[in-house]
Amino acid sequence: MHQKVLILDFGSQYTQLIARRVRELNIFSEIIPFNKAPEDLSPYKAVILSGSPHSVRSEDAPRPDLSKIKGKMPLLGVCFGAQFMAAHYGGKVEASSIREYGRANLKTIHSDDAFLKGIEIDSQVWMSHSDTITELPEGAICLASTADVKNAAYRFQNEETYAIQFHPEVYHSTQGTQIISNFLMDIAGFTGDWTPDAFVEETVAELKETLGDDRVILGLSGGVDSSVAALLLHQAIGSNLHCIFVNNGLLRKNEFEEVLEQYKGFGLNVKGVDASDRFLDALAGISDPEKKRKAIGKIFVDVFDDESKEVEGAKWLAQGTIYPDVIESVSATGGPSATIKSHHNVGGLPDYMKLKVVEPLKKLFKDEVRRVGRSLNMPEDLIGRHPFPGPGLAIRILGDITAEKVSLLQEADAIFIGALKRHGLYDRVWQAGVILLPVQSVGVMGDERTYERCVALRAVESTDGMTADWVDLPYPFLQEVSNEIINRVKGVNRVVYDISSKPPATIEWE
C-alpha cells in the first residue's frame, strides 16, 4: 500500500491545488471533507488542513477534532488551518486592518528548521485571508514573517505540527512546492513511491479482482481519458471489454470517422454507433446549460443501455471520469465548497439500467492521466490531444441547439484548431475551441449590409483544468483565423477572443 496524505477540506477554492502539489512529488493525496474525517487514520502518514472561506472567529466556522492527529502524526495547517490551530490552542486571531490578499515576500526567517530548508529571504508567497494571527499559542514558535504578517509560519515545539498563513499550493508562491516537499519528504518521511508505472500495475490488478470474467462496456470519446481507461481495462480483461464510440451529433467536424480509424491500431473491440438524431431531438428547444447536460447524460445512458443488451452478459459500464469531474460535480468529494457544474459521466446509473459503474481514473488529474498513457505506450498525438467536453458542442452553443448551428460551429472550430496545428501553436495550448454566441451584429461584406452571428475563440493553458490562464496568441495569427472564419463560414461576420482566466471564469462557457 502506498504512503498517503490526508487533506482535510474546509471549503477553500485552493484545496485541489494542495492535492496537485502533493501528487507532483509522487505522493498520493486524498481530499476528504473535515466533517467526514475517517476514524481510522492508519492508512495516512501525514495530514494537511486546507484553507476556508470561513473566519475562525465566526460562529459557523468549521471546528475539526484534531485529538487523534496533532502531536501524534505530522500535521500542516494552511491559512484557515493555521488560524484554527492558533485560536483553538490558546493563541489569538484577529481581523486584519486591511484584507491580506495577493503577493507578499518572506522578509524574515527566524529558524533553521527543516521546514524552511532552501527557502530564501524575499521568496514570494500568496496571501488570501482577512484575519491574522496576532499571538501564538503557548509552546509555538514563529518560523517566518512578511512585512505585514508577523506569524506567517510557525510550529509547535516537540511535535511535527507546522502552520503557515500563506498558500504554498498556489503557483504565485514561488517556493511553495519546496515547502510542501520539506514537510512531506524531510519531516514526514515520505519516499515518493506513487508513480505512473505503479498506478498501472495496481489498477490492472484491482480491475482483474473486481471484474473477474464479467463483460464490460466502455464509452469511448476519442480523448485521452477514455482511451487510457480502455487500455487499462484491456490489460485487465482483454476481449471481455466492449468499447462503444457514440456519435452524439455534437462532435467536431469528421471526428466520428477519424476516431474510429484511430482506434483500429489499439487492438480494442470498438463499435461505432451513430445516435445523432436522438441527441439533437432531445436537445430541441433547450437553452439552459444544466438542462442540456442532463438531457445529454440521459440519452447517453439510454444508448448504452440499448447497446448493453447487444453484449450478452454485460454487467459493467466503464467511464473515463477523472478527479476534476468529480470535484466540480460533488463539491470536493462532498465537502463544504460549492458545486460548479454537473458532468454527464459522474454519478450513478438509473435503476432500469442493470449495469454497475467502474471508473479506473476517477482519482487522477488530467496531467496524471497523460503520464499513465505514456506508461502504457499510447501514441503521443493522442496523449497530447486537447480535452473536449463530454456534452460536446452543445455547451459551446449558447442558447438552443439546432443542426444548422452545430454545422456552423464545426466549420469554425475546424478552422481554429487547424490553424493552431499549422502554426505550431497546438501544443502550447491546453484546450481550445470556438463558442457560438446568441447574438447577431451588423457587418459589411462587399457593399452589402449583413446581420449575422458572432463567435468567440477560446484558448487556455493549464496543467489539470482546475485553474487556467488564457493564451496570448499572436495578433497576426488571430487576424488570420478571424478572416478565414468570416470568409469561409457562412453566417458569421464577427470573431472575438476570450481573455478570461479560471477562476473567475470557467474554461467552457456553459
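Thresholds, definitions, all that
Residues numbered from 1 in each chain as written. Predicted model: local features only at pLDDT ≥ 70, side-chain atom pairs only at ≥ 80, totals over all residues. Heavy atoms only, no water. pLDDT = per-residue confidence, 0-100. Contact = heavy atoms within 4.5 Å. Disulfide = S-S within 2.5 Å. Buried < 20%, exposed > 50% of the residue type's maximum accessible area, 1.4 Å probe, protein only. Helix = DSSP H or I, 4+ residues; strand = E, 2+ residues; numbered from the N terminus. Pairing = 2+ DSSP bridges. Phe/Tyr/Trp six-rings, centres within 6.5 Å; stacked < 30°, edge-to-face > 60°. Lys NZ or Arg CZ within 6 Å of the ring centre and 35° of its normal. Expected span 1.5 Å × (residues − 1).

> Which residues make up the confidence of the model for the protein, and what values do they have?
When pLDDT is averaged along the protein, the result is 88; 93% of the residues meet or exceed 70. Counting contacts from residues 330-347, a segment whose pLDDT is below 50, to residues more than four positions away or on other chains yields 55 contacts.

> Quick one: what's the story with the state of the cysteines, residue by residue and with numbers?
Tallied over the full model, the rule gives 0 disulfides. The thiol of Cys79 is unpaired, and the distance to the nearest cysteine sulfur, on Cys142, comes to 16 Å. Residue classification places Cys79 among the buried residues on the basis of a relative accessible area of 4%.

> Kindly report on the pairing of strand β3 (residues 44-49), identifying the contributing residues and their values.
It is a general feature of regular strands that their side chains alternate between the two faces of the sheet. Within β3, 5 of the 6 residues are buried, which leaves the element mostly enclosed by the surrounding structure. Pairing geometry for strand β1 (residues 4-9) and β3, over 5 bridges, is parallel. Paired with Leu6 across the strands is Val47, a residue of β3. Two elements, β3 and strand β4 (residues 75-78), share 3 bridges in a ladder whose sense is parallel. Each residue of the ladder has a partner; that of Leu49, found in β4, is Gly77.

> Could you give me a rundown of unusual backbone geometry, with the residues and numbers involved?
With the exception of glycine, the majority of residues adopt a negative phi angle, and the majority of peptide bonds are in the trans configuration. A cis amide bond, omega -15 degrees, links Lys502 with the succeeding residue Pro503. Note that the residue after Pro503, namely Pro504, is joined by a cis bond; omega there is 10 degrees. Take Pro504: it is sitting in the segment after β18 (492-497). Notably, Asn158 is not glycine yet its phi reads approximately 65 degrees, a positive angle. Mapped onto the secondary structure, Asn158 falls in the loop between β8 (153-156) and β9 (161-164).

> Any details on the packing of aromatic side chains? Residues and values, ideally.
All chains considered together, the criterion is met by 15 aromatic pairs. Between Phe279 and Phe300 the ring centres are 5.0 Å apart and the planes differ by 65 degrees, which places this aromatic pair in the edge-to-face class. Within this pair, whereas Phe279 is found in helix α7 (residues 276-283), its partner Phe300 is found in helix α8 (residues 289-308), the two being separated by 21 residues in sequence. Given a relative accessible area of 12%, Phe300 falls into the buried group. Aromatic pair Phe416 and Phe477: ring centres 6.5 Å apart, planes at 45 degrees, arrangement tilted. Within this pair, whereas Phe416 is found in helix α12 (residues 403-422), its partner Phe477 is found in helix α13 (residues 475-488), the two being separated by 61 residues in sequence. An identical accessibility class is assigned to Phe416 and Phe477; each is buried. Through pairs of rings, three or more aromatic residues link up here, namely Phe10, Phe34, Phe80 and Phe84. Looking at Arg20, its charged tip hangs above the ring of Phe365, at a distance of 5.1 Å from the centre.

> Can you break down helix α5 (residues 224-237) residue by residue, with the values?
The end-to-end C-alpha separation of α5 is 20 Å, in line with the 20 Å expected for 14 residues at 1.5 Å each. Those residues of α5 that sit buried are Val224, Asp225, Ser226, Ser227, Val228, Ala229, Ala230, Leu231, Leu232, Leu233, Ala236 and Ile237. The first or second residue beyond α5 is Gly238, which carries a positive phi of 60 degrees.

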